[in-house]
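Structural description and commentary
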Amino acid sequence: MAERRRLPRVTVPALTPGALSSYSTACTIEYADGVRCYRHARRDGQDAFMFPMAQSGRMTYETSESPTAPGAGAHPGERLRAGESLRTPAGQMLNKVPEVTIWFWIIKILCTTVGESFADWINMNLGVGLINTALIFTGALAAVLAWQLSAGRYIPSVYWLTVVVVSVTGTLYTDILTDSQGVPLALSSGVFAAVLAVVFGIWYMRERTLSVHSITTRPRELFYWLAVLVTFALGTAAGDWTLELTGWTAGVAVLLPLGLIVTIIAGWRLGANAVLSFWLAYILTRPLGANLGDWLGSPSGDGGLGLGTALTSVIFLVAILATVAYLTRSRSDVIEAQEPTGTPRALNPARERRMLAYYAVVVGAGAALLIWANHQPHAAATGEEDTPAPVTSHISPQEATSPFPPAEVARFRTITADTLAKVNAGDQQAATRLVTDLETAWDDDQSTLEPKSEKAWSFLDGEIDQVLKAVRAPHPDKATEVGALNRLLTSLG
């Protein structure tokens, strides 16, 4: 990246709105995180980038441009009118990240919910297995990310499409580690946290800022999207780990990240570092959205609303499309289109250091709550009879599956294999959720499968009942669970 050349500061009368009326202007202010954003003026093919340093009757500017500098004390606007060349530094571009408004957080939570529910639905219905599904979405991510990087400005539809695909892909990466590789959630959470720390460390050492208001070069944009991907993976792992530790239902689990986000907002209002507060809240929106999706999609017997993953995904996708349409029309989240409003909050390093202690207390309180919940008796899943369902005489896998469509059999096999991986990884909460998906899928298909072969259907139905009983037992026995799941996998071919 070419080095920016800075000119001596010059003090000029504050520019009034009419002073640049003949230019196409895009103005932002100096944010509380200390990043100076640009006032961009263009006329007769010339670009000027001026950095407002204060807001008063007289405003100090720093200018950044080509090697030809205006004379000391010259008025930047006058230099443009005189035809002097004031160009953007090499490698600079318009900020392609939206302004952090209430709309940003609304649509971010919508995207994370879709990431959870759509990833579950696509994994169950594609029938190609978890790893192949992740490979498909990795290709989709590469395509939409290339589209986002090639855009010359922030385009809401492109940006948020990228976030949705990143959300699904990050969720699948975590599921591969946990389900296919048997990596404990505690370990994967630690690994992703370490990776995120490395990404932030390299980003800061190279660019000296982590602010989303400074995504004006290609390296910063690449660092930003890498950080976003890792935050989704970390949020997924940490959220699932929380459920595993506490045994909470998704509806109850929503309250933890929501409460933590509220404390972060309070900390930011009290003077905490804006960049740190942003990224902490950004990470926490992932378990918030995931738990919200699980709560909406899970059956009522598991504490959910019973909408199902497909309907939940559709509802939130429609909400995302409506929000993106509004933002595209209103341009209310475009940084370059905003005029300076109000006086920026003065930086207070001493207060920021004190607020780090506040965040440390919040982390300690959250950890204490999780430890306490982990030591409480976990509520047993409901809906299972103590008496196992009768199982018909054993038949071969060929007899059990040949009457039914191969795609349906593959779907049941995928869910069963994923459940077995969860059990082997010690993730009982996730295994319970997956067998609920198996139960729902099997019951939904009963009207079409049972008429094809009552004998085969009854046999598989009995084996699925054994799996449900083993996984949902008040005190699950791993050997019993593994045995029931392996028998069902064998029967499914």
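What comes next is a walk through the structure. Nothing here was measured: the structure is a model prediction, and the numbers come from that model.

Moving on, we get to the overall build of the protein. The secondary structure content of the protein amounts to 17 helices and 4 strands. Put simply, the protein has 493 residues, and 48% of those count as buried. Partitioning the intrachain contacts of the protein with sequence separation of at least 6 by distance along the chain shows that 74% fall at a separation of at least 24. Surface exposure of the protein reaches about 22200 Å², of which carbon and sulfur atoms provide 62%.

Another point: the packing of aromatic side chains. Counted according to the given criterion, the structure contains 21 aromatic pairs. On the numbers, 5.0 Å between centres and 80° between planes, the contact of F278 with W279 is edge-to-face. The pair F278 / W279 is uniform in exposure class, with both members buried. Geometry around Y282 places K108 over its ring, the cationic atom sitting 4.2 Å from the centre.

The next thing to look at is helix α8 (residues 255–269). Taking 1.5 Å of rise per residue, 15 residues should cover 21 Å, and α8 covers 21 Å from first to last C-alpha, within 8% of that figure. Here α8 has its buried residues at L256, P257, I261, I264 and G267. Projected down its long axis, α8 shows its buried positions confined to an angular sector of 130°, all on one face. Opposite its buried face, α8 presents the exposed residues L255 and R269, each directed more than 90 degrees away. The elements touched by buried residues of α8 are α6 (218–246), α7 (250–253), α9 (274–297) and α11 (349–374). Directly beyond the C-terminal end of α8, a positive phi value near 120° is found at G271.

Calculation notes
- Residues numbered from 1 in each chain as written.
- Predicted model: local features only at pLDDT ≥ 70, side-chain atom pairs only at ≥ 80, totals over all residues.
- Heavy atoms only, no water.
- Helix = DSSP H or I, 4+ residues; strand = E, 2+ residues; numbered from the N terminus.
- Buried < 20%, exposed > 50% of the residue type's maximum accessible area, 1.4 Å probe, protein only.
- Contact = heavy atoms within 4.5 Å.
- Areas by Shrake-Rupley, 256 points an atom, 1.4 Å probe, with all protein chains shown as cover.
- Phe/Tyr/Trp six-rings, centres within 6.5 Å; stacked < 30°, edge-to-face > 60°.
- Lys NZ or Arg CZ within 6 Å of the ring centre and 35° of its normal.
- Expected span 1.5 Å × (residues − 1).
- Arc of directions from axis to C-beta.

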